[in-house]
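# Coordinate inspection notes
For reference, the chains in residue letters:
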Amino acid sequence: MIILLPQLLLGQDSISTTKTDSLKVFNLHQEPVARKPFGRMLIIPAVLIGYGAATFGIEGLKNVNTYLNKQIYPETGRKAVHLDNYLLYVPTVLVYGLNIAGIKGRNNLVDRSAILVMSNVIMTGVVYTTKNLAHEWRPDGSDRYSFPSGHTAAAFAAAEFMRREYQDVSVWYGVAGYAVAATTGYLRMYNNKHWFSDVVAGAGVGILSTDLAYYIYPSVKRIFTKKKTDGLTMVLPTYQQGAVGASLVHVF
């Protein structure tokens, strides 16, 4: 935190203070991300994950899985489209590519990379733990690790990462990221690797993983960057309304 005390103006007949009566307060150690209410953050992921989980006990939702599988994968023996193995990385690559191109996102290289790692650790842990607990057969019968879709979770985690980094620049970056993620989910069903409920739940896990990473990262960062000093006092030059002056600054 930084407090700027009333400044002393030179070049005027008398000593004056800043325009406001109160002290000006600036945040020197700015948070890397802005938090939003935790409960609101959970709503959409909870609905998506809840839908996927509900298919284990509601026959009607199982029938939706079967119906959509027949509509999206009506043929047997057709060649799989492997684009889904690469699309999940596109939003993340775009975030770093845009920063290299000079279109800056919300966080610097260190902060956004740490958030990305945290998001992927959370997402991977949830996906593989749930796969082993659910033990759901894939539509093609290849194994019992269908629920939730890991590819979709990774794609939506990356899409939410892109949205959060560039939401203050343009909403269309987030739209593009989510379009790529949705295409990844669709291709997982097109390739007969996942049920609709797997994809929906995977999307929820991915979004939640990234949002949790953004939520907890500021606290984690403070732990590792906490200053052991009581503060520092400095005098800085200022210029205001044609007058040169000085401000007493205390950093703590």
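Look up: the structure comes first, before these words.
Residues numbered from 1 in each chain as written. Predicted model: local features only at pLDDT ≥ 70, side-chain atom pairs only at ≥ 80, totals over all residues. Heavy atoms only, no water.

On to the side chain of arginine 188. Tracing the backbone shows arginine 188 in helix 7 (residues 171-190). Overall, arginine 188 belongs to the buried group, its relative accessible area being 8%. If sequence neighbours within four positions are ignored, arginine 188 has contacts with Asp84, Asn85, Arg138, Ser149, His151, Thr152, Lys193, His194 and Val199. (Helix = DSSP H or I, 4+ residues; strand = E, 2+ residues; numbered from the N terminus. Buried < 20%, exposed > 50% of the residue type's maximum accessible area, 1.4 Å probe, protein only. Contact = heavy atoms within 4.5 Å.)

In this section: unusual backbone geometry. Geometrically, the link from phenylalanine 147 to proline 148 is a cis peptide bond, its omega value of -10° lying close to zero. In this fold, proline 148 is placed in the loop between helix 5 (109-134) and helix 6 (150-166). Phi is positive for histidine 135, which is not a glycine, with a value near 55°. Within the secondary structure layout, histidine 135 lies in the loop between helix 5 and helix 6. Phi angles above zero are rare outside glycine, and asparagine 192 is one such case at about 65°. Positionally, asparagine 192 belongs in the loop between helix 7 and helix 8 (196-225).

With that out of the way, let us pick up the packing of helix 4 (residues 90-100) against helix 5. Between helix 4 and helix 5, whose axes approach to 12 Å, the crossing angle comes to 180°. Here helix 4 lies roughly antiparallel to helix 5, going by the angle between them. Here Thr92, Val95, Tyr96 and Asn99 of helix 4 lie close against helix 5, whose contacting residues are Leu109, Arg112, Ser113 and Leu116. Here the residues of the contact of helix 4 with helix 5 sort into four nonpolar, three polar and one charged. (Axes fitted to C-alpha atoms, helices over the stretch in contact; angles between N-to-C directions. Parallel < 35°, antiparallel > 145°, perpendicular 65-115°, else oblique. Nonpolar A, V, L, I, M, F, W, Y, C, P; charged D, E, K, R; others polar.)

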